[in-house]
Amino acid sequence: MSVTAIALLALVVAVAAFVQGASGLGFALIVAPVAGLLAPELLPVFLLAVMIPLNLHVAWRERAALDLRGAGWITAARLAATPGGLALLWLIPESSLGLYVGLATVLAALVSLAAPAFTPGRAAYLGAGVVTGLTETATGVGGPPLALVYQHRPPAELRATVAACFLTGELASLALLFATGRADPAQLKWVALMLPALALGVWLSRLVHERADARRMRMFVLGFALVSGVVLMVGA
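Note that the structure is predicted; figures quoted are calculated from it, not measured.

1. Looking at the overall build of the protein
Then, number 1: Assigned secondary structure in the protein consists of ten helices and zero strands.
Then, number 2: For the protein, the C-alpha radius of gyration of 16 Å lies close to 18 Å, the compact-globule estimate for 236 residues.
Then, number 3: With respect to the three principal axes, the spread of C-alpha positions in the protein is 40 × 35 × 30 Å.
Then, number 4: Counting only residues that meet the buried cut, the protein has 51% of its 236 residues in that class.

This is how it looks when you write it as structure tokens:
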């Protein structure tokens, strides 16, 4: 990537870390389509790896609000579905990965906008875990199913539980990708390069997370995801 592209990616990572640190969702929806445009060969490894320190921090910061029951069901289903996500990745031609990332981003945003309010139960937790395991392992985008389950819960509970579920899932997906040769350790250098931008976004989110307007942030994330996802699909 050029210096300009690296700087742009760093800016997007900082903004996405701020948004997710404050609202509990949005990192992958913001970063995935931009990374897909700038360097599609980095997906999904870069996206999965760069979210680990972010979700570790948020899960620890909000640990008192963690929904252990929901997180347990989601994580069990997420881990069970991870091999299916790897199978999807094997089926997607590398040259078409950007198209599929854009499509996953747009569909996730549309579902998030259209879904009605509901009270989650075991079936919702398991369904969210399965879908997240499939889509996040294959494309790096997996947040919307979790956001749908927790969108009407207290913000701290959403942030803590989504972060904890992401964290375990990302580690499992990366382990499987590396074990099967679908990930290259050289890709992790880009994660290291983005850590200062990630840290900046996380630090800024600490200043506002207790009073952030989650609804406005959610609409910003979904609007950005729709536009950038369409751009990525058109350019693929």
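Alright, that's what it looks like, and here's the rest.
2. Concerning the side chain of Gln187
Then, number 1: Take Gln187: it is sitting in the loop between helix H8 (155-179) and helix H9 (188-208).
Then, number 2: For Gln187, a relative accessible area of 12% gives the class buried.

3. A few points about the nonpolar core
Side chains of a nonpolar character, in soluble globular proteins, are inclined to be buried together.
Then, number 1: With 51 residues, the main nonpolar core has Val13, Phe27, Val31, Phe46 and Leu47 as its most contacted residues.
Then, number 2: At the level of elements, helix H1 (3-23), helix H2 (27-38), helix H3 (45-61), helix H4 (68-91), helix H5 (97-114), H8, H9 and helix H10 (214-235) are the ones that each hand at least two residues to this core.
Then, number 3: The leading source of residues in this core is H3, at eleven residues.
Then, number 4: In this view, Leu47 contacts Phe27, Ala28, Val31, Ala32, Thr139, Gly140 and Val141; residues no more than four positions away in its chain are not counted.
Then, number 5: Judged by nonpolar contacts, the second largest core, of 13 residues, contains Leu25, Ile74, Ala128 and Ala147.

4. Digging into the confidence of the model for the protein
When pLDDT is low, close inspection of the predicted coordinates is not appropriate.
Then, number 1: When pLDDT is averaged along the protein, the result is 86; 94% of the residues meet or exceed 70.
Then, number 2: Per-element averaging of pLDDT across the protein places H10 at the bottom with 71 and H3 at the top with 95.

5. Here we look at the packing of aromatic side chains
Then, number 1: Inspection of every chain in the model, using the stated rule, returns one aromatic pair.
Then, number 2: Consider the rings of Tyr125 and Tyr150, whose centres lie 6.1 Å apart with planes at 25°: the pair is stacked. Of this pair, Tyr125 sits in helix H6 (residues 122-139) while Tyr150 is found in helix H7 (residues 143-150), placing the two residues 25 residues apart along the sequence. The same class applies to Tyr125 and to Tyr150, which are both buried.
Then, number 3: Above the plane of the ring of Trp60 lies Arg63, whose end atom (NZ or CZ) is 3.8 Å from the centre.

Conventions used here
- Residues numbered from 1 in each chain as written.
- Predicted model: local features only at pLDDT ≥ 70, side-chain atom pairs only at ≥ 80, totals over all residues.
- Heavy atoms only, no water.
- Helix = DSSP H or I, 4+ residues; strand = E, 2+ residues; numbered from the N terminus.
- Rg over C-alpha atoms; globule rule 2.2 N^0.38 Å.
- Buried < 20%, exposed > 50% of the residue type's maximum accessible area, 1.4 Å probe, protein only.
- Core = buried A, V, L, I, M, F, W, Y, C linked by side-chain atoms within 4.5 Å.
- Contact = heavy atoms within 4.5 Å.
- pLDDT = per-residue confidence, 0-100.
- Phe/Tyr/Trp six-rings, centres within 6.5 Å; stacked < 30°, edge-to-face > 60°.
- Lys NZ or Arg CZ within 6 Å of the ring centre and 35° of its normal.

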